[in-house]
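# Structural overview for review
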Amino acid sequence: IGFLYQRAENQEMADQKFDEAEKQIQTNIDKALVEDEKSFWLINLARLQRDRGRMDDVRQTLDTIISEYPLSANRSQAMMMRAELDVSLEKYDEAISILENVAKDYANERPAAQAVQMIDQIRAQMLKPASALATTGTTLTTGTMPTAAIPDIETMEEAPVMGDEPTSGAAIDQEVAL
């Protein structure tokens, strides 16, 4: 709901709704009994913090998952999110270090393959001149990360979820023709 208020340019109400969501997530974290449940809610808290632009809080929340819940099913996701955060802050060496740990800790699993791919992307990015980085707008990701659809406040129609985009050239041409 906070995003809807932001789109309507009502930042005061957006902040209020984001604060309410953060309090509810914190309550869920406090009530959680098992490591996976706590880390699940911490991941959601990190996403909310990221969406609000509070990158230091995101880093701290992700580091909590990584260090305090090492057996959590959500740890690899937290590590990948932390690496993406570091890339966005141009802390490439830190991102590579985290990704190397993902590749080692989750060998023969999907996160390891994603980590190796992202390491290659970061190294290629680091080789580009600074002027090329500023003009290309390259974003490094670990793949499609579906997010909740946000309805258009004017039409109240739901926007498509990320990852619903057509993937073939024919499908894209068909959409363009529409």
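Residues numbered from 1 in each chain as written. Predicted model: local features only at pLDDT ≥ 70, side-chain atom pairs only at ≥ 80, totals over all residues. Heavy atoms only, no water.

### Topic: the nonpolar core
For soluble globular proteins, the rule of thumb is that nonpolar side chains tend to be buried together. Core analysis: the largest hydrophobic core is formed by 32 residues, its most contacted members being Leu 62, Leu 99, Met 118 and Ile 122. At the level of elements, helix H2 (11–31), helix H3 (35–51), helix H4 (55–68), helix H5 (75–88), helix H6 (92–105) and helix H7 (110–127) are the ones that each hand at least two residues to this core. (Core = buried A, V, L, I, M, F, W, Y, C linked by side-chain atoms within 4.5 Å. Buried < 20%, exposed > 50% of the residue type's maximum accessible area, 1.4 Å probe, protein only. Helix = DSSP H or I, 4+ residues; strand = E, 2+ residues; numbered from the N terminus.)

### Details of the pattern of salt bridges
Where charged atoms from two side chains of opposite charge approach closely, those side chains can pair. Evaluation of the coordinates by the stated rule reveals ten salt bridges. Linking Arg 50 and Asp 51 is a salt bridge whose minimum nitrogen-to-oxygen distance equals 3.4 Å. Relative accessible area serves as the criterion here: at 35%, Arg 50 is assigned to the partly exposed category. Given the relative accessible area of 35%, Asp 51 is considered partly exposed. Linked by salt bridges that have partners in common, Arg 59, Asp 63, Arg 82, Asp 86 and Glu 94 make up one network. (Salt bridge = Lys/Arg side-chain N within 4 Å of Asp/Glu carboxyl O.)

### Structural notes on the packing of aromatic side chains
All told, the structure shown has one aromatic pair when counted by the stated rule. Seen in terms of ring centroids, Phe 40 and Trp 41 are 5.0 Å apart; in terms of plane orientation they differ by 80 degrees. Their pairing is edge-to-face. (Phe/Tyr/Trp six-rings, centres within 6.5 Å; stacked < 30°, edge-to-face > 60°.)

### Focus on the packing of H3 against H4
One can describe the packing of H3 onto H4 by two numbers: an axis separation of 8 Å at closest approach and a directional angle of 165 degrees. By the angle between their axes, H3 is roughly antiparallel relative to H4. Considering the relative orientation of H3 and H4, their crossing is left-handed. Residues Glu 35, Ser 39, Leu 42, Ile 43, Leu 45, Ala 46, Gln 49 and Arg 50 of H3 touch H4, and the partners they reach there are Met 55, Asp 57, Val 58, Thr 61, Leu 62, Thr 64, Ile 65 and Glu 68. Classifying every residue of the contact of H3 with H4 gives eight nonpolar, four polar and four charged. (Axes fitted to C-alpha atoms, helices over the stretch in contact; angles between N-to-C directions. Parallel < 35°, antiparallel > 145°, perpendicular 65-115°, else oblique. Left-handed = near helix turned anticlockwise from the far one by under 90°. Contact = heavy atoms within 4.5 Å. Nonpolar A, V, L, I, M, F, W, Y, C, P; charged D, E, K, R; others polar.)

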